[in-house]
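# Summary of structural features
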Amino acid sequence: MKHAYNSTEILIKALKKGESEAYKYLVDTYHQKLCAYAFGLIKDVELSEDIVQNVFIKIWKKRKKLDIKTNLSNYLYKSVYNKFIEQYRKERRVYSLEKIQIETINEYVQEDTNALDKLIKQIKVEIENLPPKCKQSFLLSKQEGLTNIEISEYLNISVKTVEGHITKAFTILRKNLHVKVDGILFILFKKKELLN
């Protein structure tokens, strides 16, 4: 199916015709990346997913009038950003609008449309390269969702040692990746797709 939509023009035409397979392809291709981007802005998993879902719904509802003259990926990221701003203004909630984090994520999006994919691959490599005990504690925490106490009981080590391993893992990842990876890791592990 991937080869059937090997250009934005073909995909947009299929969407305009109301082809459900084209819509499914669009969602499958961009959902995870857009959720990670939205989470970087809003720091709330459920709201991030709501924003992305609303973007996709809007695209489907207005598919006959789609006029994407720029890069499709950029269009989607911009749509998510606009939806985030709209949500923020509407609810007036105190979101964690950390300018540096937002600029960092935007930098990846604007410089290269495949940058988030590259970042995910880099994260995979760096996790594999973590010291064995450090990697084990980190994955039990972030991938399996175990608490530090559960990890300490499972590995028969102290809670303090577990905390040390996880802290060390984050320190190594941040240092080697030169970006704040917390939000992206959270989304990716939640989707259980990072290590597939």
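Structure first, text after, so check above.
What counts as what
- Residues numbered from 1 in each chain as written.
- Predicted model: local features only at pLDDT ≥ 70, side-chain atom pairs only at ≥ 80, totals over all residues.
- Heavy atoms only, no water.
- Phe/Tyr/Trp six-rings, centres within 6.5 Å; stacked < 30°, edge-to-face > 60°.
- Helix = DSSP H or I, 4+ residues; strand = E, 2+ residues; numbered from the N terminus.
- Buried < 20%, exposed > 50% of the residue type's maximum accessible area, 1.4 Å probe, protein only.
- Lys NZ or Arg CZ within 6 Å of the ring centre and 35° of its normal.

Time to look at the packing of aromatic side chains. According to the stated counting rule, one finds four aromatic pairs in the structure shown. Here Y23 and W60 contribute two aromatic rings whose centre-to-centre distance is 5.0 Å and whose plane-to-plane angle is 50°, an arrangement assigned as tilted. With Y23 in helix 2 (residues 20-42) and W60 in helix 3 (residues 45-61), this pair connects stretches of sequence that are 37 residues apart. Look at Y23 and you get partly exposed, because its relative accessible area is 21%. Of the residues examined, W60 reaches a relative accessible area of 24% and is grouped as partly exposed. Ring geometry for Y37 against Y77: centres 5.2 Å apart, planes inclined by 85°, an arrangement best described as edge-to-face. Pair noted here: Y37 is in helix 2 and Y77 is in helix 4 (residues 72-91), with a separation of 40 residues, a long-range link. For the pair shown, Y37 and Y77 are each scored as buried. If you follow R63 out to its NZ or CZ, it ends over the ring of W60, 4.0 Å from the centre.

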